[in-house]
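Close look at the chain arrangement
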Amino acid sequence: ACSNFPVRLLTLHLRIFVNSAVAGSAQRGYSTSAFSKLSRVGIRHPPPLPFIGNLLFFHEGFWESHTKLIAEYGPVCGYYIGRQMFVVVSSPEMIKQILVTDFSNFTNRTKPNLISKPMLDSILCLRDDRWKYVRSLLTPAFSDTKLKEMTPLINQACDILLCNLKVYADSGKAFDIQRCYNCFTLDVVGSVAFGTEVDSQKNPDDPFVKNCRRFFEMSLFKPLLILILSFPFIMIPLLRIFPNKKQKELNGFFIKTIKNAIVYRHQQDAAELYVPSGKIVNT
């Protein structure tokens with residue numbers, strides 16, 4: 001038995017080495033296996049890193065990095081965030097072909113893995129025939145007549161933006177203009193879509209403003225997000241199990257806001273049916 005001990009020890013070490021080599025090979029294969037899709041169709045892209053792809057390429061921000069990406073890799077290029085492939089199109093002719101000529105072939109957005117209801121039922125997440133049906137219902141809301149009705153609300157948000165910009169201009173100091181336009185966009189969406197009048201730049205603690213910012217805030221460099229991008233097959237099922245208090249609070253706030261907007265609109269419609277004499281107007 002003693003004479004067989006070195007052989008057994010050697011066999012054990014050999015098994016450990018083989019298993020480690022197989023595991024390492026599998027890990028290297030997984031970490032880079034998704035990064036050949038763009039090259040196979042002839043789309044240029046920055047060299048991706050194992051697991052995280054081109055995540056570090058965007059450390060300066062998406063706008064600056066996309067501009068740099070297009071300058072270096074052409075009007076049609078791509079990148080990887082985690083294992084997910086993205087294609088960037090900056091050619092006006094091709095953009096027109098995608099959004100107009102062949103629009104029916106580009107109905108689906110990136111498949112959401114961590115989004116839950118009710119956001120999952122929004123037009124941003126719907127796919128195929130369901131998306132087309134909901135879009136057909138929404139199209140009348142953007143008719144010329146409806147857009148004209150929105151114009152006073154948009155002009156009001158523009159006036160607020162100009163007042164805020166004038167304050168900065170008079171001070172002569174540098175300021176973050178992107179934040180001003182973010183606030184302007186939020187004011188327009190709040191007034192047009194939710195019937196909520198806010199000056200998000202002067203009232204950053206308004207509940208609507210705070211919850212909108214919480215909804216859109218995202219950092220690509222948070223450790224948890226990096227883990228999700230690197231190991232989606234493990235992290236996504238785990239995150240679906242654990243309750244998301246922040247998401248639940250946001251869903252509750254926006255559902256309540258939308259219901260209040262609907263009730264207010266119904267009250268307005270009912271009021272328009274009556275004249276001062278109390279008679280119903282024929283419509």
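Our subject is the structure that appears above.
One numbering rule holds for all chains: residues counted from 1, following each sequence as written. Local features are withheld for residues below a pLDDT of 70 in this predicted model, meaning they are given only at 70 or higher, and side-chain atom pairs are given and counted only at 80 or more; totals for whole chains, interfaces and linings count all residues. The side-chain quantities take in all heavy atoms of the structure and omit both hydrogens and water.

1. Focus: the packing of helix 7 (residues 177-193) against helix 8 (residues 207-216)
Where we set the bar: Where helices are involved, their axes are fitted lines through C-alpha atoms of the stretch in contact, as for all axes, and angles between N-to-C directions lie from 0 to 180°. Numbering goes from the N terminus for both helices and strands, where a helix is a DSSP run of H or I of at least four residues and a strand is a run of E of at least two. Should an angle fall under 35 degrees it is called roughly parallel, over 145 degrees roughly antiparallel, and 65 to 115 degrees roughly perpendicular, with every other angle called oblique. We call a crossing left-handed when the near helix sits turned anticlockwise from the far one by less than a right angle, and right-handed when that turn is clockwise. We call two residues in contact when some of their heavy atoms are within 4.5 Å. Three classes are used: nonpolar for Ala, Val, Leu, Ile, Met, Phe, Trp, Tyr, Cys and Pro, charged for Asp, Glu, Lys and Arg, and polar for all others, with Gly counted as polar.
Closest axis-to-axis distance for the helix 7/helix 8 pair is 11 Å, and the angle between their directions is 115°. The pairing of helix 7 with helix 8 is recorded here as roughly perpendicular in orientation. Considering the relative orientation of helix 7 and helix 8, their crossing is right-handed. Residues Arg179, Cys183, Leu186 and Gly190 of helix 7 lie in contact with helix 8, whose contacting residues are Phe208, Val209, Cys212 and Arg213. When grouped by side-chain class, the residues that make up the contact of helix 7 with helix 8 number five nonpolar, one polar and two charged.

2. Section: the environment of Cys180
Here Cys180 lies in helix 7. Separated by 19 residues in sequence, Cys180 and Leu161 have C-alpha atoms that sit 7.1 Å apart. Contacts of Cys180, omitting those with residues within four sequence positions, involve Leu161, Leu165, Tyr168, Phe175 and Gln201.

3. Remarks on the packing of aromatic side chains
Put simply, the rule is: When the centres of two rings from Phe, Tyr and Trp lie within 6.5 Å, Trp using its six-membered ring, the rings pair. Their planes under 30 degrees apart give stacked, over 60 give edge-to-face, and anything left gives tilted. Throughout, exposure labels follow a simple rule: accessible area from a 1.4 Å probe, protein chains only, divided by the maximum for the residue type, with under 20% read as buried, over 50% as exposed, and the rest as partly exposed.
Evaluation of the coordinates by the stated rule reveals eight aromatic pairs. Between Phe208 and Phe254, the ring centres sit 6.4 Å apart and the planes meet at 75°, which makes this aromatic pair edge-to-face. With Phe208 in helix 8 and Phe254 in helix 11 (residues 245-272), the pair connects residues that are 46 residues apart, well separated along the chain. With 5.3 Å between their ring centres and 80° between their planes, Phe253 and Phe254 make a pair best called edge-to-face. Residue classification places Phe254 among the buried positions, given a relative accessible area of 15%. Counting every residue linked through ring pairs, the aromatic cluster contains Phe57, Phe58, Tyr79 and Phe86.

4. Some thoughts on the nonpolar core
Inclusion rule: In this text, buried Ala, Val, Leu, Ile, Met, Phe, Trp, Tyr and Cys residues form a nonpolar core when linked through side-chain atoms within 4.5 Å.
Among the nonpolar cores identified, the biggest contains eleven residues, and these are Phe51, Ile52, Leu55, Phe57, Phe58, Leu69, Tyr73, Cys77, Tyr79, Ile81 and Val88. Secondary-structure elements contributing two or more residues to this core are helix 3 (62-73) and strand 1 (76-81). It is strand 1 that provides the largest number of residues to this core, a total of three residues. By size, the runner-up hydrophobic cluster in this structure holds eight residues, among which are Phe194, Phe208, Leu250 and Phe254.

5. Considerations on empty space enclosed by the protein
Spelled out, the test is: Put simply, the grid is 1 Å and covers the protein atoms alone, a cavity is a trapped set of points that fit a 1.4 Å probe, a pocket is an open set with protein on both sides within 12 Å along at least five of seven lines, and lining residues have an atom within 4 Å of a point. Grid points are joined across faces, edges and corners, and a volume is the space filled by probe spheres set on the points.
Counted by the stated rule, this structure contains one cavity of 30 Å³ or more. For the largest cavity, the calculated volume is near 40 Å³. Elements with a contribution of two residues or more to the lining of the largest cavity: helix 6 (144-171) and helix 7.

6. Some points on the pairing of strand 1
Going by this rule: For two strands to be treated as a pair, DSSP must find no fewer than two bridges joining them.
Where burial is concerned, most of strand 1 is hidden: five out of the six residues are buried. Where strand 1 and strand 2 (residues 84-89) come together, six bridges link them in antiparallel fashion. Pairing of Tyr80 across the sheet is with Met85, part of strand 2. Following strand 1, the chain reverses through two residues before pairing antiparallel with strand 2; Gly82 in that reversal takes a positive phi of roughly 65°.

7. Side note on the pattern of salt bridges
In a structure, side chains of opposite charge can pair up when their charged atoms sit close to one another. Selection rule: Note on definitions: salt bridges are taken to be side-chain nitrogens of Lys or Arg within 4 Å of carboxyl oxygens of Asp or Glu.
Throughout the structure, instances matching the rule amount to one salt bridge. Linking Asp170 and Lys166 is a salt bridge whose minimum nitrogen-to-oxygen distance equals 2.9 Å. With a gap of four residues between them, Asp170 and Lys166 both fall in helix 6, about one helical turn apart.

8. Concerning helix 6
To keep things clear, this is the line we draw: Helix span, as expected, comes to 1.5 Å for every residue beyond the first. What the bend at a residue measures is the angle between two axes, fitted to the seven residues ending there and to the seven starting there.
The end-to-end C-alpha separation of helix 6 is 40 Å, in line with the 40 Å expected for 28 residues at 1.5 Å each. At Thr151, helix 6 shows its largest bend, some 35°, and a proline, Pro152, comes one to four positions later. Burial in helix 6 covers these residues: Met150, Ala157, Leu161, Asn164 and Leu165. At its buried positions, helix 6 is contacted by helix 7. Of the residues one or two after helix 6, Gly172 is the one with positive phi, at around 70°.

9. Digging into the environment of Ser91
Applicable threshold: Any pair of N or O atoms that falls within 3.5 Å is considered a polar contact. Within protein, one atom must be able to donate a hydrogen and the other to accept it, and sequence-neighbouring residues count only if both atoms are side-chain atoms.
Counting through the fold element by element, Ser91 comes out in the loop between strand 2 and helix 4 (92-101). On the basis of relative accessibility, which here comes to 17%, the residue Ser91 falls in the buried class. In the structure, Ser91 is positioned 17 residues away from Gly74 in sequence and 9.3 Å away in space, judged by C-alpha atoms. Within the local environment of Ser91, its side chain forms a polar contact with the side chain of Glu93, the two groups lying 3.1 Å apart.

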